[in-house]
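Secondary and tertiary structure notes
As a plain string of letters, each chain reads:
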Amino acid sequence: NIFNLDETFAKEKERYVFMDTYVLDLKEKKLINIIDHFLNDFDNTLEHVRQIIVTKDKAKHKVIKIINVDGTEIEITLDECNSIIGYKNHNLIEIKDNFMRTNHKLQQLEIPNVTKIGDNFLMDNETLHQIYLPKLSQTGSSFLPNDNNLRTIFFPNLHKVGHSFLFHADSLTDLDLPNLVSTGTAFLGEASNIRKINLPKLQKANEGFLAKSSALEELQLPSLQITAADIKDYTCVLSEPYNLKYLYLPNISPKIIEQFLKQNPKLHNAYFAALQRYPISIAKNEVQNNEESKHTI
């Protein structure tokens, strides 16, 4: 019973610190997950702790500094309701599933050395307004699917994402993923205000790709590849392209383009506008595809 646990911990206020669905035991230097069916990688935050220091900042937020035996530090900031609003950890390289899944109020996140993140990362968070992950290369499904505060994103080394990546990122206007190669389904599926997007190396998208991105005016996907075998995966793609003027897909054969446009008829005008704008490169691609088909047995 959670309420009984609360009473137990509340009896020793100097020993225990509540934070989200956790209790930090300052004496034993361990983290207790109150909701055990949400066990996740955040539970392993305290493994080799030498010292825990609790102070308050200028805004009277509680700042918890965790010093490990090797001298590295983790910093967690709590608001007046003991919700986690700040997290700094330069030690993390790989994050597994459900990391801080039940957190709602995190605003600042600093994990600059992480390279891989699992499923349901900050799944319930709605308040993060700044994120920079310069070394991140891969995410699982449901990466920040409910955040409504992020406006710009730049992940320079990200090359693969799972399903529902930033699904409800409705405040996002600028997305720069220069090395992204593949996405799962529903990539930015409900992100209706995205205006600028850079995906120069994207080869494989999927169903529901940018489905509600009605503010997008131009989309260039020079590396996107669609074959007859995976054309079925491209349903509900850009299904509300109200402002889309150009859709540039130079790396796809005319036959597949025809099937793609039949499946997504609202994209027809934007694609042929791009054909008028980039006739030389698209024409070259058509010639190349025709030449390749002659040598295919």
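Located above this text is the structure these notes cover.
Heads up: these notes are all about the structure in this document. Remember, it's a predicted structure, so these values are computed and weren't measured experimentally. Every chain is numbered independently, its residues counted from 1 as its sequence is written. The model is predicted, so local features are restricted to residues of pLDDT at least 70 and side-chain atom pairs to those at 80 or more, both for listing and for counting; the totals for chains, interfaces and linings are taken over all residues. Derived side-chain values reflect all non-hydrogen atoms in the structure, with water molecules and hydrogen atoms excluded from consideration.

1. Considering unusual backbone geometry
- Positioned with a positive phi, Lys 29 is a non-glycine residue whose angle comes to about 55 degrees.
- Relative accessibility decides the category of a residue: with a 1.4 Å probe and only protein chains considered, values under 20% of the type maximum give buried, values over 50% give exposed, and everything between is partly exposed. Overall, the relative accessible area of 30% leaves Lys 29 in the partly exposed class.
- With a phi angle near 55 degrees, Cys 236 is a residue other than glycine that sits in the positive phi range.
- Helix numbers and strand numbers start at the N terminus; a helix is a DSSP run of H or I with at least 4 residues, a strand a run of E with at least 2. Within the secondary structure layout, Cys 236 lies in the loop between β15 (218-220) and β16 (246-248).

2. Quick word on the pattern of salt bridges
- We define a salt bridge as a side-chain nitrogen of Lys or Arg found within 4 Å of a carboxyl oxygen belonging to Asp or Glu. The full count for this structure, using the stated rule, is 10 salt bridges.
- Ionic pairing is found between Lys 88 and Glu 75, a salt bridge with its closest N-O pair at 3.8 Å. On the criterion of sequence distance, the pair formed by Lys 88 in strand β7 (residues 84-89) and Glu 75 in strand β6 (residues 73-78) is long-range, its members being 13 residues apart.
- The exposure class assigned to Glu 75 is partly exposed, which follows from its relative accessible area of 22%.
- Glu 190 is the partner of Lys 212 in a salt bridge, and the nearest nitrogen-oxygen pair spans 3.7 Å. With Lys 212 in the loop between β14 (196-198) and β15 and Glu 190 in the loop between β13 (174-176) and β14, the pair connects residues that are 22 residues apart, well separated along the chain.
- Judged by its relative accessible area of 27%, Lys 212 is partly exposed.
- Connected via shared salt-bridge partners are Lys 204, Asp 230 and Asp 233.

3. A short note on the packing of aromatic side chains
- Stacked, edge-to-face and tilted labels apply to pairs of Phe, Tyr and Trp rings (six-membered ring for Trp) whose centres lie within 6.5 Å, assigned for plane angles under 30 degrees, over 60, and everything in between, in that order. Tallied over the full model, the rule gives 13 aromatic pairs.
- Aromatic side chains Tyr 87 and Phe 99 sit 5.8 Å apart centroid to centroid with 70 degrees between the ring planes, which places their arrangement in the edge-to-face category. With Tyr 87 in strand β7 and Phe 99 in the loop between β8 (94-95) and β9 (108-110), this pair connects stretches of sequence that are 12 residues apart.
- Under the relative-accessibility criterion, Tyr 87 is labelled buried at 1%.
- Charge over a ring is defined by NZ of Lys or CZ of Arg lying within 6 Å of the ring centre and within 35 degrees of the ring normal. Positioned above the aromatic ring of Tyr 246, the side-chain terminus of Arg 277 is 4.3 Å from the ring centre.

4. Things to note about the environment of Phe 121
- Examined against the element boundaries, Phe 121 turns out to sit in the loop between β10 (116-117) and β11 (138-139).
- On a C-alpha basis, the gap between Phe 121 and Thr 235 in space is 26 Å, while along the polypeptide they are 114 residues apart.
- Contacts of Phe 121, omitting those with residues within four sequence positions, involve Ile 95, Phe 99, Leu 109, Ile 111, Ser 142, Phe 143, Leu 144 and Pro 145. Any two residues having at least one pair of non-hydrogen atoms within 4.5 Å are treated as being in contact.

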